[in-house]
Amino acid sequence: MVRDSVATLQQASEDGCGTPLPKFVRAELDGFLRCQVLGRGFAHMVCKDCGKPHLLAFCCRGRGFCPCLRSPKREAATHGMAGSAHAVASEFALQRMASTAVFLGNLFDGSLEVLAARGWLIERAGWRRQQNRKAVRSQQRPEGGSTIEYQVALNDAQIYHRVQASCVSSPASGINAPAAKGFPQSETPVLCTRTCARSLWGVQTPVVFCSPFTTARRTGMLQEHRQASQSGCVLATLTLVALGGCSVSQAEGDEVVSNEVSVLTQALTIQELEAACQDDPRVRQGQVSVDVCVGAELFFRDDFAGNGRTCGSCHPAGNNYTIDPTFIATVPSSDPLFVSEQAPALANLEVPALMRDFGLIVENVDGFEDPTRKFVMRSVPHCFSLSTSGVAQGGLGVANATGWSGDGAPNGGAFRDFQTGAITQHYPLTLDRTPGTDFELADNDELDAIEAFLLTIGRENELDLTEITLTDAGAEAGRDVFVNSRCNGCHRNAGANVGSGVNVNFDTGVEAARLTAVDALGIMNDGGFGNGPAVDLDNDGIFDPIGDGKFNTTPLIEAADTGPFFHTNHADTIEESVAFYISDEFKNSPTGGTPIATPFGATEIQNVARFLRVLNAEFNIQLAITRAEAALPIIVADKNESRDLQQGMAALALAEVEDALEVLSGQSNLNVDVQDDLSDAEGFLDTASTHASHTQRRRAIDDALAALAAARIGLSSTPSELEFVMGEGTLMF
């Protein structure tokens, strides 16, 4: 009755019929209507006597009234949970979810198994597609404990996090804490920040409080989740309690009473993802289409029943959709990025030293016949602006230029096929790479959605460098050198195409300049585009490269902050990458021969790099503006309802501002006034990404946008000629 009438009541009050409803009254009504909606948060209980499962809704944060408690208590009594050992603690009605851990500690005793997650699991996320994907697998219980795997959507943005935890005994404290592994690379988990034993009806009950995702924004990870003090309850924590399966023995206090806990995994059908995306604030605001939203969910959060890696493991939005040694150093060893160091069956999936120290990953681009010997090492390309660089050179037999050699995408070599190659290459449970056993391949609908997302990341237009004038004299001189040299022939307007708009493969001798650390390990040279049967031409026991030595051209507008550079990662700075084109390796290559510009010495190298730094900073600024502007209508419409999403979007904008500052500070006296404006924007966006008040977030974003607009004017006297059209996928993370 309330649900049917509340809209009429509120509208009538706003139209002047009686006294307008106070804000706290409207909030209480909204809270009342959310009560017992399991999609708003629940605890999963199992009675060990009768085996009856029960889902207890707990979503209320208000202090006025809450009917959510009545039904669970009545249900508990009906199914044999009544009495002192099973009754719901009355003090919970007063505490109102001040802390999820305290709530669980007061609510249950050691006879219940509890899997609690504050999140949108039922209505907004749905259960894993167990029938469609073979994702429910039993696992061996480690000695002294059991294994639980689950995934939970933590906010309205449908940000899913996978946890695989083993309950292990901790004799010193008498508490059993989860030992976590298998986190996505795009979040940094800090697990089990507090363990405690609460006295319930005279029984010491362990409660493990795990607070994930304390992140370093500077390294590209989002501070999406805040402390309970900002919101009145733990909105962004994940609490794992195994009070039956991993509890302290009531008699001994130091023995583990183990119950086998089956593995629960969770993935969404395309229909479930579409339904969930309909409720995403970015979709509701018309900023992102459902297809792009679905594609982003699959890209960042679906491991396709594999080893825990996702596309986001190597292409995190907060680190320019790539990984580098600095970023990798911030990723915990428990992350699936390092699965080759965790799982014996995947020991040869990567070369850990080359990945950690140089950001290079193993690619079996010439086939999987002998995957531990027949491979090459390549860096991770960013995903920016693929829609501008995807028209492949004719005659190659591939639909799109998918980066580096272009042979990372199997089948037709299209962007949508790249996901198939990624799953097969990077996601397997074993190196047998058997579909249906080691992973599940994406179906056509999923591939279409992922491609829709990929093609809307970053800019969707090209520039005309002849119409641009930069305020910095050195950068302007570098622009002139670039436009009137061979640079512009292969990277037309600092993009990735030749003059006809086609991305062409070139052999520039880059592979000859690869790192000595790769040579020292005896890893075969990268043959570039093409594949074929294994061949050992020099009888040294190592398969030789297959290919024509050519690689795709990459866009330069986004280059300066996405280093190290080239597929070899051998150049650390944009200056070093420009200098490569006067190296012997380039001069001796099929594409070399004549200089790229005359003259082209140290001054020209510095100025061209200076020019590329300014272009990159302009791109950073406009990307930050796009994300910040998109957050504003969501703040107005949702206020604090989607706070985590709003803060996440502000944090992404902040990451771009920090990138712009880093890029401009890479050379002396480069647009110093612009750096001052960016520093102002940095402070405002830091506030927007952390403040608990939606009004303060809105004000801070407004101030940041003003500072960013000033920064744009400082970079170029022709800002209208430096306009980028940003794709909607830029808003997803």
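What counts and what doesn't
Residues numbered from 1 in each chain as written. Predicted model: local features only at pLDDT ≥ 70, side-chain atom pairs only at ≥ 80, totals over all residues. Heavy atoms only, no water. Helix = DSSP H or I, 4+ residues; strand = E, 2+ residues; numbered from the N terminus. Polar contact = N/O pair within 3.5 Å; in protein donor to acceptor, adjacent residues only side chain to side chain. Contact = heavy atoms within 4.5 Å. Buried < 20%, exposed > 50% of the residue type's maximum accessible area, 1.4 Å probe, protein only. Phe/Tyr/Trp six-rings, centres within 6.5 Å; stacked < 30°, edge-to-face > 60°. Lys NZ or Arg CZ within 6 Å of the ring centre and 35° of its normal. Disulfide = S-S within 2.5 Å.

(A) Up close: the side chain of Ser589. Relative to the helices and strands, Ser589 resides in the loop between helix 20 (584-587) and helix 21 (602-638). Within the local environment of Ser589, its side chain forms a polar contact with the backbone nitrogen of Gly592, the two atoms lying 3.0 Å apart. Setting aside residues up to four positions removed in sequence, Ser589 forms contacts with Asp507, Thr508 and Gly509.

(B) Quick look at helix 15 (residues 444-454). Among all positions in helix 15, only Glu446, Leu447, Ala449, Ile450, Glu451, Phe453 and Leu454 are buried. Contacts made by the buried residues of helix 15 are with helix 6 (270-278), helix 8 (290-301), helix 13 (386-389) and helix 14 (415-426). The N-terminus of helix 15 is capped by Asp443, whose side-chain oxygen sits 3.2 Å from the backbone nitrogen of Asp445.

(C) Examining the packing of aromatic side chains more closely. This structure, assessed with the given rule, holds 13 aromatic pairs. Measuring from centroid to centroid gives 5.0 Å for Phe299 and Phe300, while their planes differ by 85°, and the two rings are edge-to-face. Overall, the relative accessible area of 3% leaves Phe300 in the buried class. Their ring planes at 55° and their centres at 5.1 Å tell us that Phe566 and Phe580 sit as a pair that is tilted. Taken together, the residues Phe566 in the loop between helix 18 (516-520) and helix 19 (574-579) and Phe580 in the loop between helix 19 and helix 20 connect sequence positions 14 residues apart. Judged by its relative accessible area of 4%, Phe580 is buried. Taken together, the aromatic side chains of Tyr321, Phe384, Phe619 and Phe724 make up a single cluster linked through ring pairs. Residue placement shows Arg356 over the ring face of Phe338; its charged tip is 3.8 Å from the ring centre.

(D) The arrangement of helix 16 (residues 473-483) in detail. The buried count for helix 16 comes to 8 of 11 residues, which makes it a mostly enclosed element. For helix 16, every residue scored as buried is listed here: Gly474, Ala475, Glu476, Gly478, Arg479, Val481, Phe482 and Val483. The elements touched by buried residues of helix 16 are helix 17 (487-490) and helix 21. Measuring from the backbone nitrogen of Gly474 back to the side-chain oxygen at the start of helix 16 gives 3.1 Å, which picks out Asp472 as the cap.

(E) Fine view of the state of the cysteines. Under the counting rule described, the total for this entry stands at 1 disulfide. No disulfide involves Cys311; its sulfur sits 7.9 Å from that of Cys383, the nearest cysteine. Residue classification places Cys311 among the buried positions, given a relative accessible area of 8%. The thiol of Cys490 is unpaired, and the distance to the nearest cysteine sulfur, on Cys487, comes to 8.7 Å.

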